[in-house]
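Each chain, letter by letter, is given below.
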Amino acid sequence: MGIGDNIRNKAEDAGGKAKEKLGEATDDKDLRDEGRQQQGSAKAKEAVEGAKEKATEAINKIKGSLKRD
């Protein structure tokens, strides 16, 4: 995961938390739900980026072991 992606995902998550709290405080269920959805989206993106990173590490490890043979 690139640093920029990580920052964007954290910002999206924080924005979602803020919307959720504001929605709860103002009894705005739509805003609360939008905030929750935004948080879920950020977490999904983080999971995808993490999986990509793990896959890249595994591929590089395999490539490294093949070059030694």
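Here, residues in each chain are numbered from 1, in the same order as that chain's written sequence. The predicted origin of the model limits local features to residues at a pLDDT of at least 70 and limits the giving and counting of side-chain atom pairs to 80 or more, whereas totals for whole chains, interfaces and linings rest on all residues. To obtain the side-chain values, all non-hydrogen atoms of the structure were included, while hydrogens and water were left out.

Draft legend 1. Looking closely at the overall build of the protein chain. Note on conventions: DSSP H or I runs of at least 4 residues are helices, E runs of at least 2 residues are strands, and numbering of each starts at the N terminus. Secondary structure summary: the protein chain contains two helices and zero strands in total. In this treatment the radius of gyration is a C-alpha quantity, and the globule benchmark scales as 2.2 Å times the residue count to the 0.38 power. Against the globule reference of 11 Å for 69 residues, the protein chain gives a C-alpha radius of gyration of 18 Å, more extended than a compact globule. The 69 residues of the protein chain split such that 17% are buried. Partitioning the intrachain contacts of the protein chain with sequence separation of at least 6 by distance along the chain shows that 44% fall at a separation of at least 24. For the protein chain, the distance from the average site of its 16 positive side-chain charges to the average site of its 15 negative ones is 7 Å. Burial here depends on accessible area, computed with a 1.4 Å probe over protein chains only, as a share of the maximum for the residue type. Under 20% is buried, over 50% is exposed, and the range in between is partly exposed. Residues are treated as being in contact if the distance between any of their heavy atoms lies within 4.5 Å. In this charge count, Lys and Arg are treated as positive and Asp and Glu as negative; neither His nor the chain ends contribute. For the purpose of locating charges, the reference atoms are NZ of Lys, CZ of Arg, CG of Asp and CD of Glu.

Draft legend 2. Examining helix α1 (residues 3–26) more closely. Helix length check: α1 (24 residues) gives 34 Å between terminal C-alpha atoms against 34 Å at 1.5 Å per residue, within 8%. Taken together, the buried positions of α1 are occupied by N9, E12, D13, G16, E20 and G23. One or two residues past the end of α1 sits D27, with phi positive at roughly 60 degrees. Given a helix with a known number of residues, its expected span is that number minus one, times 1.5 Å.

Draft legend 3. A look at the pattern of salt bridges. We count a salt bridge whenever a side-chain nitrogen from Lys or Arg sits within 4 Å of a carboxyl oxygen from Asp or Glu. Enumeration over the complete set of coordinates arrives at 11 salt bridges. With a shortest N-O distance of 3.4 Å, D13 and K17 are connected by a salt bridge. Linking D13 with K17, this pair stays in helix α1, spanning four residues, or about one helical turn. Given a relative accessible area of 41%, K17 falls into the partly exposed group. With a shortest N-O distance of 2.7 Å, K19 and E34 are connected by a salt bridge. Here E34 lies in helix α2 (residues 29–68) and K19 lies in helix α1, a separation of 15 residues in the sequence.

Draft legend 4. Seen up close, the environment of G2. Along the chain, G2 turns up in the segment before α1. Once the C-alpha coordinates of G2 and E49 are considered, the two residues, 47 residues apart in sequence, prove to be 8.5 Å apart.

Draft legend 5. Structural detail: unusual backbone geometry. Residues other than glycine seldom take positive phi values, yet D27 does so here, at roughly 60 degrees. Mapped onto the elements, D27 comes out in the loop between α1 and α2.

Draft legend 6. Region of the structure containing the side chain of Q39. Mapped onto the elements, Q39 comes out in helix α2. The class of Q39 is buried, set by a relative accessible area of 11%. A polar contact of 2.7 Å, which involves the side chain of Q39, links it to the side chain of E20. Look past the residues within four positions of Q39 in its chain and what remains in contact with it is D13, G16, K17 and E20. Any pair of N or O atoms that falls within 3.5 Å is considered a polar contact. Within protein, one atom must be able to donate a hydrogen and the other to accept it, and sequence-neighbouring residues count only if both atoms are side-chain atoms.

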